[in-house]
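An overview of the molecular structure
Residue-level listing of the chains:
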Amino acid sequence: QVQLGESGGGLVQAGGSLRLSCVPSRRPFGMGWFRQAPGKEREFVAAISWSFGATGYADSVKGRFTIFRDYAKNTMYLQMNDLKPEDTAVYFCARAKDSRVNVEIDRYDAWGQGIQVTVSS
């Protein structure tokens, strides 16, 4: 069973930056980041095709967040710039079932434990 190890996150002021990392125990077809704020449903943030490097983003983070992977290190990252209080959530990395840039939550079959990101105003 694949395991996903997340790191990064924490507390930052609005306008600041954070970087999240996720290391899958096996090389995936594709990966993604989702987030869940208190009282809200888990939502798509960004996704990447592992071999091709194609990416996709939620409208709310376009131009501020960047998803990328280090193929040699088998590690995925989410660089978050110009953070806003509404970005506060638990962020989850997930493994996709195929190599497409997947937006739907049911296209993912393994999840990390989640990591807290808090943006203060």
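Please refer to the structure higher up on the page.
This section reports on the structure supplied with the text. (Residues numbered from 1 in each chain as written. Predicted model: local features only at pLDDT ≥ 70, side-chain atom pairs only at ≥ 80, totals over all residues. Heavy atoms only, no water.)

For Asp98, the location among the structural elements is in the loop between strand E9 (89-96) and strand E10 (108-111). Assessed through its relative accessible area of 15%, Asp98 is described here as buried. One polar contact links Asp98 to Asn102, side chain to side chain, over a distance of 2.9 Å. Among the polar contacts made by the side chain of Asp98, one reaches the side chain of Arg107 at a distance of 2.5 Å. (Helix = DSSP H or I, 4+ residues; strand = E, 2+ residues; numbered from the N terminus. Buried < 20%, exposed > 50% of the residue type's maximum accessible area, 1.4 Å probe, protein only. Polar contact = N/O pair within 3.5 Å; in protein donor to acceptor, adjacent residues only side chain to side chain.)

In this structure the tally under the stated criterion is 5 aromatic pairs. Ring geometry for Phe34 against Phe44: centres 5.7 Å apart, planes inclined by 75°, an arrangement best described as edge-to-face. Taken together, the residues Phe34 in strand E4 (residues 30-36) and Phe44 in strand E5 (residues 43-49) connect sequence positions 10 residues apart. One exposure class covers both Phe34 and Phe44, and it is buried. Residues Phe68 and Tyr77 carry aromatic rings whose centres are separated by 4.9 Å and whose planes lie at 20° to one another, so their mutual orientation is stacked. Judged by its relative accessible area of 29%, Phe68 falls in the partly exposed class. Owing to a relative accessible area of 14%, Tyr77 belongs among the buried residues under this scheme. Aromatic ring contacts, followed pair by pair, group Phe34, Phe44, Tyr108 and Trp111 into a single cluster. Sitting over the ring of Tyr71, Arg27 keeps its end group 4.3 Å from the ring centre. If you follow Arg42 out to its NZ or CZ, it ends over the ring of Phe92, 3.6 Å from the centre. (Phe/Tyr/Trp six-rings, centres within 6.5 Å; stacked < 30°, edge-to-face > 60°. Lys NZ or Arg CZ within 6 Å of the ring centre and 35° of its normal.)

This part covers the sheet that holds strand E3 (residues 18-24). Read across the open sheet, the 4 strands follow the order E1-E3-E8-E7; overall the sheet is antiparallel. Of all the strands in the sheet, the pair left with one neighbour each is strand E1 (4-8) and strand E7 (65-70). Taken pair by pair, the neighbouring strands of this sheet meet at an average axis angle of 15°, ignoring direction. Inspection of the sheet shows E3 paired to strand E8 (residues 75-80) by 5 bridges, in the antiparallel sense. (Pairing = 2+ DSSP bridges. Axes fitted to C-alpha atoms, helices over the stretch in contact; angles between N-to-C directions.)

A separate point is the pairing of E7. Summarising the sheet, E7 and E8 pair through 6 bridges and their orientation is antiparallel. Counterpart to Thr66 in the pairing with E8 is Gln79. Counting the residues that bridge the hairpin from E7 to E8 gives 4 residues, and of these Asn74 lies at a positive phi of roughly 55°.

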